[in-house]
Amino acid sequence: MKERLKVLLVEDNAGDARLIQESLAEASDQSFDLEIAETLRMGLQRLHLGGIDAMLLDLALPDSFGMETFVRAKAQALGVAIIVLTGLADDSLALKLVQGGAQDFVAKVDVSGNNLTRAILYAVERERLEQEFRKLNLQLEQRVKDRTAELEASNRDLEAFSYSVSHDLRAPLVNLIGFADLLETKYGSQLDDHGAKYLARIHEAAFKMSHLIDDMLRLANVGRQGLRKKQVPLRSLVDEVLAELGTAIEKRVIDWRITALPVIDCDYGLMKQVFANLISNAVKYSRNREKAVIEVGQITIQNQLVFFVRDNGVGFDMKFAGKLFAPFQRLHRDQDFEGTGIGLATVQRIVEKHRGRIWAESEPDRGSTFFFTINAESPTLLTNRVSNAVLV
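About the criteria used
- Residues numbered from 1 in each chain as written.
- Predicted model: local features only at pLDDT ≥ 70, side-chain atom pairs only at ≥ 80, totals over all residues.
- Heavy atoms only, no water.
- Axes fitted to C-alpha atoms, helices over the stretch in contact; angles between N-to-C directions.
- Helix = DSSP H or I, 4+ residues; strand = E, 2+ residues; numbered from the N terminus.
- Left-handed = near helix turned anticlockwise from the far one by under 90°.
- Contact = heavy atoms within 4.5 Å.
- Nonpolar A, V, L, I, M, F, W, Y, C, P; charged D, E, K, R; others polar.
- Polar contact = N/O pair within 3.5 Å; in protein donor to acceptor, adjacent residues only side chain to side chain.
- Buried < 20%, exposed > 50% of the residue type's maximum accessible area, 1.4 Å probe, protein only.
- Parallel < 35°, antiparallel > 145°, perpendicular 65-115°, else oblique.

With respect to the packing of helix α9 (residues 268-285) against helix α10 (residues 343-353)
For any two helices packed against each other, the geometry is given by the interaxial angle and the distance between the axes.
For step 1, the next point in the chain: Two numbers describe how α9 lies on α10: the axes approach to 9 Å, and their chain directions differ by 145°. Once α9 is placed against α10, the crossing between them reads as left-handed. Between α9, through L270, Q273, V274, N277, L278 and N281, and α10, the contact on the second element is made entirely by G343, L344, T346, V347, I350 and V351.
For step 2, the next point in the chain: Among the residues forming the contact of α9 with α10, the class breakdown is seven nonpolar, five polar and no charged.

Here's what the structure looks like:
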C-alpha cells in the first residue's frame, strides 16, 4: 500500500499527539498525511468532509468518554478504519471494541513507528476488504431478490396456464362423456362384446381425465389463493374428513387410532385438503390388509409440534421417495392403485403456504407415515429427523 494515507488523530493530549505524529513521520515504507482533532465534535466534523482512510481514536476526550466515544465515532466513520488508542491494555475492552467494529486496539505504551504503522496499514486493508465483502453481499442479496421475483412470476404464469388449460379441457370432456352416454343408451344393444368393451374403456379414460383435471385445478388454485386463517379444531376437521369418506370405508375393517389434536391457526379449507388427501391415501394403500390400522396424531420434535398420518399398508421403497411430492409421479402401478399423482404435490404446496415442512418414512409392505409441521419456527427444523426420511 504505497499511496499516501490520510489519518485523523482524535487526541486532546498534546504530548501524545506529538509522539504519534513523530512516529508516523519516521515510517520509512509508508507516507501518511496526519490531521489532529482535539475533541470528538471536531473529529466528527472532519469525518463528515470525507477523504479519511483511518482514524486513531482516544476514548478519553473532553466531550466524550469510553465506549460512548467509539459508538459515536463508528456511526459517522463509514468506510473508515478505526484504531482505538488507550492508556491501558484492557483485553475485555479490546474485545468489546472489535466486536463493535473497531479494526484494532493499541495501547499508547506500545506506540512506536513500526507498531503504529503496521496497525494502520492492517486496519485500512481489513476495512477495505470488509467494505468489499459488504458490497458483494448486498449484490448477492439483490440477485437473490431478483431471482426470487422472477421465479414467483414464472410460478404465477405457470399456475395461470395450468388453470386455463384445465378449465378449457372441461368443455370437450363433458361432450365426450355425454356423447358416450348417449351412444350407450341408444345403441348399446347393437354393440357386440368388443364394441361394449371399447365403449367401457372410453368411459373409464374420460372419468380418469375428469379426475385429473379436478386435481390439476386444485393444485393450481392452491398457488393462486391467499390464506384465510382462523382458529381450527383439528379433531373436528378430521372427523369431517372421515364422515365424507363414506363408502370408501364403510365396508372396511379399519382400526382408527386418532389422538387428541389441538386447535391451530390455519386456513380451514386448505388444511382439510391436507388431512383428506393423507387419510384417503392411508385408506387406499391399506385396503389389501385384512385389518387396516390408521393413526392420526401429533408428536413434538425439537420443541416443534408435528402432525402425522400413519398406516400399515403396502408402503414404498425410500430410494424412490424423491418422486413422492412431484406432480404426476406415482410409486405404484395404476392397475394396483388408482390415482393421478397430484394429491401429494397439492399437500406439499398447502403445507409450505402455512410455513411448514412435510416428509415421509416408509418400508415396502410395512406401511407409511407422513409427517408435517405448520407455522414452523425454523426452516431447518427436523433435517436430521431420521436417516431414511425424505424431507421436502
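So, the side chain of S64
For step 1, the next point in the chain: Position of S64 relative to the elements: it lies in strand β5 (residues 64-65).
For step 2, the next point in the chain: A distance of 2.8 Å separates the side chain of S64 from the side chain of T69, its partner in a polar contact.
For step 3, the next point in the chain: Among all residues touching S64, those that are not within four sequence positions of it are L40, L59, T69 and R72.

Some remarks on the environment of A75
For step 1, the next point in the chain: Relative to the elements of secondary structure, A75 occurs in helix α3 (residues 67-76).
For step 2, the next point in the chain: The exposure class of A75 is exposed, given its relative accessible area of 59%.
For step 3, the next point in the chain: Here the alpha-carbon distance between A75 and L44, two residues 31 residues apart in the chain, equals 9.6 Å.

A look at the packing of helix α2 (residues 40-49) against α3
For step 1, the next point in the chain: Taken N-terminus to C-terminus, the directions of α2 and α3 make an angle of 15°; their axes are 10 Å apart at the nearest point. It follows from the interaxial angle that α2 and α3 lie roughly parallel. Crossing of α2 against α3: the hand is right-handed. Two secondary-structure elements touch here, α2 through L40, L44, L47 and H48 and α3 through T69, R72, A73 and Q76.
For step 2, the next point in the chain: Its residues assigned to classes, the contact of α2 with α3 shows four nonpolar, three polar and one charged.

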